[in-house]
Amino acid sequence: MRIVIAEDSVLLRAGLIKLLETSGFEVAAAVGEADGLLAAVAEHRPDAAIVDVRMPPGFTDEGVRAALVLRKEHPEVSVLLLSQYVEERYAADLLATNTSGVGYLLKDRVADVSGFLDALRRVAAGGTALDPEVVSQLLLRRNSDPLERLTPREREVLALMAEGRSNSGIAAALVVSESAIAKHINNIFAKLDLPHAEGDHRRVLAVLRFLDGDST
Amino acid sequence: MVSSSAARRGLTHAPWSRATWRDSVFVASGVPLQLAGWAAVTLPWLVWAASEVTIILLWLALPVVGVALLARPLAAAHRERCWAVLGVDVPPLPRDKDASPWDVLRDLRSRELWRLIRYHLVVGPLIAVAGLAMVASWLMGVALTTVGLYAWALPADSPLSLVGHAVRVGLLTGAGVVVLVATPFLAAGVARWDVAAVRSLLGPDVTQELRKRVEDLAEKRAEVVDAADLERRRIERDLHDGVQQRLVSMAMNLGLARETLKDLPPEALQVIVEAHEESKEILTDLRNFIRGLHPAVLEDRGLDAALSGIAARVPLPVRLEVDVARRASSTVEAVAYFVVSEALTNVVKHANATSVDVAVLRRGDVLRVTITDDGRGGASFEAGTGLRGLARRVNSVDGTFRITSPRGGPTTITVELPCAL
């Protein structure tokens, strides 16, 4: 799997390269700013790009903006955004157009090596990976009245769904059976007035689209 | 006592005393300046009577030129005279130094210029008349007292010759002495009048000075507050781009070690595991600390985005309403953010509440922040709940801070922040 990295911290860039290469990924290019990222992606056509949110010159949300351009110009390239802090507003921007092949994680998650690599693989394969902290922000945001109809357990399930986990992943996390999870999910869809859909990805898409459509 | 102080007064105003000469020189030196000021305004009209209708406009404008060119330099000369002769310091007008004469034309409507004109045109000429009277009084006094000295030189048939008119000469000499004794009082009076007039009309207006000073101080304080805010953002950046990156890198290496070095002795692996967990906790603490300092998202996306971020982090349902059509300055936004953040921390820690309402509304030039919780109330400045720090920070931008918190609740904090600078 070929990856392009955009990260301005030299230390972290080197660390990520080492981590990915020891784990069987191929790092096609590693750059230090947003413009370089767009050029590197155009040149190397990677499966996924790992993008830092804060980058030169402004050190604000260059990464988010670059990711948005990337998704428009190279929709086939998945984007995993890494940030020192997560903000639901950035997530909403990122997910507004398309929720496949997108990830948004706290940089801290890199420390959990296997979890991070799982998320990267999921995103590169066209799935979704959202930081639990973003998910809780998305779920708690205002105007989300329909969510108040959910039971605490259903909210937990929805949060795990939004992170991009499968039924079995959710069942394992909550230590219940898969059939119980399936029942919860059906309840959630019913309470949120969502049509039935198949597969992890479409389900996440539906949930996020619901959350997102609410904010505008 | 009374007689001695009267005697002293008599001595200070004796014709030969230093005070008398100072006052007299002061008054006399004022006369040409005062007349010049008056002439500057009126002379063009006196020496040239315009007849042609087209020229009349020019004729009317001439005094303006006189004012433009001379009002300020003459005022400066008067102030200089006060300082040089009496040691009375009248501060210059605020714009005196770098004002070109043409600026005067521009600010013909300013109160300041009209105060100058009032002196040059009305008060000055009156003082000049009094000054001339004083000069005349001195001359007459001297002439009369000394009449005996030159009376002998006059022809015998003069009405003042000593021969045959000794009584008349004696009376005139006496009158001269009276005039000489009285003139110092006239000089002192005119001098005092002039000084008062120069101070009030040619010096800076006290009210205006105070207003200006208040403006200056407000501006300086705003600079200090902005500087503190800027510093907070600088620290936030440094932590994000320095310490945090290195910590992430370290945690990642520990994580990699933990996953790959499975064949280590269990004790060694345990050390790595603990270090890894510890580093992740430090990262979480650091992230929360930085967000409390100054959230980067506040700068990028404004209050709405930053506040929904904190609302989501509070372990209570928070109803958040943000209606800010025009963004306030970054300092005001930072204060509003800090208010909500601290207030929510307080609610979580002390209020025992089940829900919180936060509203941030901009109405005109005021940003109003209200935080209401349904907790137990009884919050006060004394309880050490950080309310004092909140009020201080609100005060630093001239905001108002109100709290109502009856025992049993609910508690409402209302903060109003002015957005216009």
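Refer to the structure printed above.
Residues numbered from 1 in each chain as written. Chains lettered and ligands numbered in written order. Predicted model: local features only at pLDDT ≥ 70, side-chain atom pairs only at ≥ 80, totals over all residues. Heavy atoms only, no water.

So, on to the interface of chain A and chain B. Taken residue by residue, the interface counts 36 residues in chain A and 32 residues in chain B. For the pair chain A and chain B, the summed buried area comes to about 3,100 Å², and 51% of that belongs to carbon and sulfur atoms. The tally of links between chain A and chain B comes to six salt bridges. Across the pair Arg-287 of chain B and Glu-133 of chain A runs a salt bridge, and its minimum N-O distance is 3.2 Å. Here chain A and chain B share 12 residue pairs in polar contact (both at pLDDT 80 or more) between them. Broken down by secondary-structure element, the contributors of at least two residues to the side of chain A that touches chain B are α1 (10-22), α4 (88-95), α5 (113-124) and α6 (132-140) of chain A. (Contact = heavy atoms within 4.5 Å. Buried area = accessible area lost by both parts, 1.4 Å probe. Salt bridge = Lys/Arg side-chain N within 4 Å of Asp/Glu carboxyl O. Polar contact = N/O pair within 3.5 Å; in protein donor to acceptor, adjacent residues only side chain to side chain. Helix = DSSP H or I, 4+ residues; strand = E, 2+ residues; numbered from the N terminus.)

Grouped together as the largest cluster of nonpolar side chains are 78 residues, with contacts concentrated most on Leu-37 and Tyr-104 of chain A. The dominant element in this core, judged by the number of residues it contributes, is helix α12 (residues 330-351) of chain B, at 11 residues. For Leu-37 of chain A, the residues in contact, after removing those within four places along its chain, are Val-4, Ala-6, Val-31, Ala-49, Val-51, Ala-66 and Leu-70 of chain A. (Core = buried A, V, L, I, M, F, W, Y, C linked by side-chain atoms within 4.5 Å. Buried < 20%, exposed > 50% of the residue type's maximum accessible area, 1.4 Å probe, protein only.)

Here we come to the sheet that holds strand β2 (residues 356-363) of chain B. All names here are of chain B. Strand order in this open sheet of five strands is β1-β2-β3-β5-β4, and the pairing throughout is mixed. Taken across any chain shown, the strands that pair with only one partner, and hence form the sheet edges, are β1 (318-323) and β4 (400-404). Neighbour-to-neighbour, the strand axes of this sheet turn through a mean angle of 10°, independent of strand direction. α12 contacts β2, β3 (366-373) and β5 (411-418) of the sheet and is inclined by roughly 10° relative to β3. (Pairing = 2+ DSSP bridges. Axes fitted to C-alpha atoms, helices over the stretch in contact; angles between N-to-C directions.)

Scanning the entire structure with this criterion turns up 31 salt bridges over all chains. Of the charged contacts in the structure, one is a salt bridge between Arg-287 of chain B and Asp-108 of chain A, with a shortest N-O distance of 2.3 Å. Of this pair, Arg-287 of chain B sits in helix α9 (residues 266-293) while Asp-108 of chain A sits in the loop between β5 (102-106) and α5, placing the two residues on different chains. Take Arg-287 of chain B and Asp-108 of chain A: they sit in the same class, and that class is buried. Close ionic contact of Arg-234 of chain B with Glu-231 of chain B constitutes a salt bridge, the shortest N to O distance being 2.8 Å. On the criterion of helical spacing, the pair formed by Arg-234 of chain B and Glu-231 of chain B is a turn pair, its members being three residues apart in helix α8 (residues 206-260). Given the relative accessible area of 41%, Arg-234 of chain B is considered partly exposed. Of the residues examined, Glu-231 of chain B reaches a relative accessible area of 36% and is grouped as partly exposed.

Our focus in this paragraph is α12 of chain B. Residue and element names in this part refer to chain B. With 22 residues, α12 ought to run about 32 Å at 1.5 Å a step, and its terminal C-alpha atoms sit 30 Å apart, in line with that. Within α12, 16 of the 22 residues are buried, which leaves it mostly tucked inside the rest of the structure. Asn-352, located one to two residues past α12, shows a positive phi value of around 60°. (Expected span 1.5 Å × (residues − 1).)

With that out of the way, let us pick up the pairing of strand β3 (residues 48-52) of chain A. Within a regular strand, the side chains alternate between the two sheet faces. All names here are of chain A. Among the five residues in β3, five count as buried, and that is most of the element. Alternating positions in β3 separate into two faces, Ala-48, Ile-50 and Asp-52 on one and Ala-49 and Val-51 on the other, with burial throughout. The sheet contact formed by strand β1 (residues 2-6) and β3 spans four bridges and is parallel. Residue Ile-3 lies in a different strand from β3, and its bridge partner there is Ala-48. With helix α3 (residues 62-73) bridging β3 and its parallel neighbour strand β4 (residues 78-83), the resulting β-α-β unit is right-handed. (Right-handed = clockwise from strand over helix to strand, strands pointing away.)

Next up on the list: the packing of aromatic side chains. Residues and elements named next belong to chain B. Taken as a whole, this structure holds one aromatic pair over all chains when the rule is applied. Between the aromatic rings of Trp-21 and Trp-138, the centroid separation amounts to 5.5 Å while the plane-to-plane angle is 10°, which identifies the pairing as stacked. In this pair, Trp-21 sits in helix α2 (residues 18-47) while Trp-138 sits in helix α5 (residues 111-145), placing the two residues 117 residues apart along the sequence. For Trp-138, a relative accessible area of 12% gives the class buried. (Phe/Tyr/Trp six-rings, centres within 6.5 Å; stacked < 30°, edge-to-face > 60°.)

A few words now on a negative patch on the surface. A cluster of like negative charges, contributed by Glu-215, Glu-219, Glu-223 and Asp-226 of chain B, occupies part of the molecular surface. Residue placement: Glu-215 of chain B occurs in helix α8. (Patch = residues over 30% accessible without salt bridge, like charges linked within 9 Å, V, L, I, M, F, W, Y side chains within 5 Å. Areas by Shrake-Rupley, 256 points an atom, 1.4 Å probe, with all protein chains shown as cover. Lys, Arg positive; Asp, Glu negative; His and termini not counted. Charge placed at Lys NZ, Arg CZ, Asp CG, Glu CD.)

Residue and element names in this part refer to chain A. Where helix α7 (residues 152-163) meets helix α8 (residues 167-174), the closest approach of the two axes is 10 Å, and the angle between their N-to-C directions is 130°. With respect to α8, the element α7 is oriented oblique. Handedness of the α7/α8 crossing: right-handed. Contacts between α7 and α8 involve Arg-153, Glu-156, Val-157, Leu-160 and Met-161 on the former and, on the latter, Ile-170, Ala-173 and Leu-174. Grouping the constituent residues of the contact of α7 with α8 by class yields six nonpolar, no polar and two charged. (Parallel < 35°, antiparallel > 145°, perpendicular 65-115°, else oblique. Left-handed = near helix turned anticlockwise from the far one by under 90°. Nonpolar A, V, L, I, M, F, W, Y, C, P; charged D, E, K, R; others polar.)

By themselves, these are just geometric observations and shouldn't be taken as functional.
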